[in-house]
Amino acid sequence: MNNIFLSFFLALHVFCFAQEIQESALKEAAGFPVGSSIRFVPFMQDKELSHLQKHHFDSYTAGSDMKMYQIAPRENAYQWARVDSIVDYTKANNQRLFGHTLIWHSATPTWVVKKAKKNPEWLDTFMKTYIQKYVGRYKGIVDGWDVVNEGFNTRGSGYRKESIWYATMGEEYIEKAFRYAHEADPDAVLFYNDFNIERDTLKFNSMMKMVEDFQRRDVPISGIGFQMHIRMDIPNEVIAYTLQRAADTGLQIHLSEVDVIFNTHDDSKGGGIQLYNKLTDEMRLAQAKKYADLVQMYQEIVPKKQQYGITFWGFNDRDTWINRFFKLRDWPCIYDEELNPKPAFYGFLNALTVD
Ligand code: 9MR
């Protein structure tokens, strides 16, 4: 008897996942690539999630799998197996693979920090070898890279001076990273990526000063990544202003880690203020509008040939990093905790125009 029930439920399960997803595919509705960050291991075992991922997205960003602490966990021990599997997956599903991220203070393994402190000259040699091995190995396969991530202070102007890369090599570490990456794959699209640049104009100005200096001196930068972890109360006018100035550089513009948060998260140390304990219908609709506004601004402000795409930082409220990282309960994504599309999804979808 038990076996009959079991077979019935298994058949039902297979039937449900084999069913067509009702919602239109974002990748088909958009005039630019659409992606989401993915954590490969739990994701591959989650049939429902991978079904949705294949349906909606034509761009893949690894949430953690391509960071330095995964690739070089110990000295002289490069680990490529996971990235190779991701490459197979994206090829099989016809998705663009985006490389996140080559140099990020927060993903630098401890052994690198320790060695750089003892032997500062070594860090530049290591950076060159690391970038050239990595970018060279996936030349023509990884379409673009976040070459340097979060090189500026969390708030206000100035470089993030406590980063081991800045502390050891000075501000030149950023341009060196771009040069090494470009030498290894001249066709790869090379981004500088950061958060809060859409809202903190002091931080944005620091970044723009660097970008414009790179352009004047032919440092091979090809794009600006706005992470875009925005909050409901970030004014559209400020977002539009920064997007416009960034687009005026002529570079590719990637909204690289999009989510829309309700509560007041504290991005300097985690935590924050839990303003809302419950997601109401009114909040759902307001969030749908914010997603729609973001898409509209991207399409209207960024010329078509500079639209590298929009990537969500996880696309459902069940798995969102916001709750884990800030220890808040929030609902920042386009799919809900049960993996159903929210008004935010339809806000995003309906704002897409193909031309
Ligand atoms: O969401 C990512 C989380 O799963 C990782 O543990 C963490 C450390 O590697 O990085 C998170 O992603 C960050 C991204 O790489 C850079 N911008 C901020 C993202 C959220 O912290």
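Residues numbered from 1 in each chain as written. Predicted model: local features only at pLDDT ≥ 70, side-chain atom pairs only at ≥ 80, totals over all residues. Heavy atoms only, no water.

1. A word on the site of the ligand
Taken together, the residues surrounding the ligand are Ser64, Lys67, Tyr69, His100, Trp104, Asn149, Glu150, Gln227, Glu257, Trp313, Trp321 and Arg324. His100 is positioned such that a nitrogen or oxygen atom in its side chain is 2.7 Å from an oxygen atom of the ligand. At 3.2 Å from a nitrogen atom of the ligand is found a side-chain nitrogen or oxygen belonging to Gln227. Contact with the protein chains covers 79% of the free accessible surface of the ligand, which is 460 Å². With respect to the pocket detection grid, the ligand is positioned in the largest pocket. Of all elements in the fold, only β3 (96-104) and α14 (321-326) reach the threshold of two or more residues within the shell around the ligand. (Near = heavy atom within 4 Å. Polar contact = N/O pair within 3.5 Å; in protein donor to acceptor, adjacent residues only side chain to side chain. Areas by Shrake-Rupley, 256 points an atom, 1.4 Å probe, with all protein chains shown as cover. 1 Å grid on protein atoms, 1.4 Å probe; cavity = no way out; pocket = protein on both sides within 12 Å on 5 of 7 lines; lining within 4 Å. Sits in = over half its atoms within 2 Å of the grid points. Helix = DSSP H or I, 4+ residues; strand = E, 2+ residues; numbered from the N terminus.)

2. Side note on the pairing of strand β8 (residues 252-261)
Where burial is concerned, most of β8 is hidden: ten out of the ten residues are buried. Looking at chain direction, strand β7 (residues 229-231) and β8 are connected through three bridges and run parallel. Looking across to β8, one finds that His229 is bridged to Asp259. In this region the chain leaves β7, passes through helix α12 (residues 236-247) and returns to the parallel neighbour β8; the handedness of that crossover is right-handed. Here β8 runs beside strand β11 (residues 307-312); their pairing, made up of four bridges, is parallel. By the bridge assignment, Val258 is partnered in β11 with Phe312. (Buried < 20%, exposed > 50% of the residue type's maximum accessible area, 1.4 Å probe, protein only. Pairing = 2+ DSSP bridges. Right-handed = clockwise from strand over helix to strand, strands pointing away.)

3. Brief notes about empty space enclosed by the protein
Enumeration according to the criterion identifies one cavity of 30 Å³ or more in this entry. Estimates place the volume of the largest cavity at around 40 Å³. Ile103, Trp104, His105, Val148, Asn149, Glu150, Gly151, Arg160, Ser163, Trp165 and Tyr173 together form the lining of the largest cavity. Among the elements of the structure, β3 and β4 (142-149) are those that each provide at least two residues to the lining of the largest cavity. Classifying every residue of the lining of the largest cavity gives five nonpolar, four polar and two charged. (Points joined across faces, edges and corners; volume = space filled by probe spheres on them. Nonpolar A, V, L, I, M, F, W, Y, C, P; charged D, E, K, R; others polar.)

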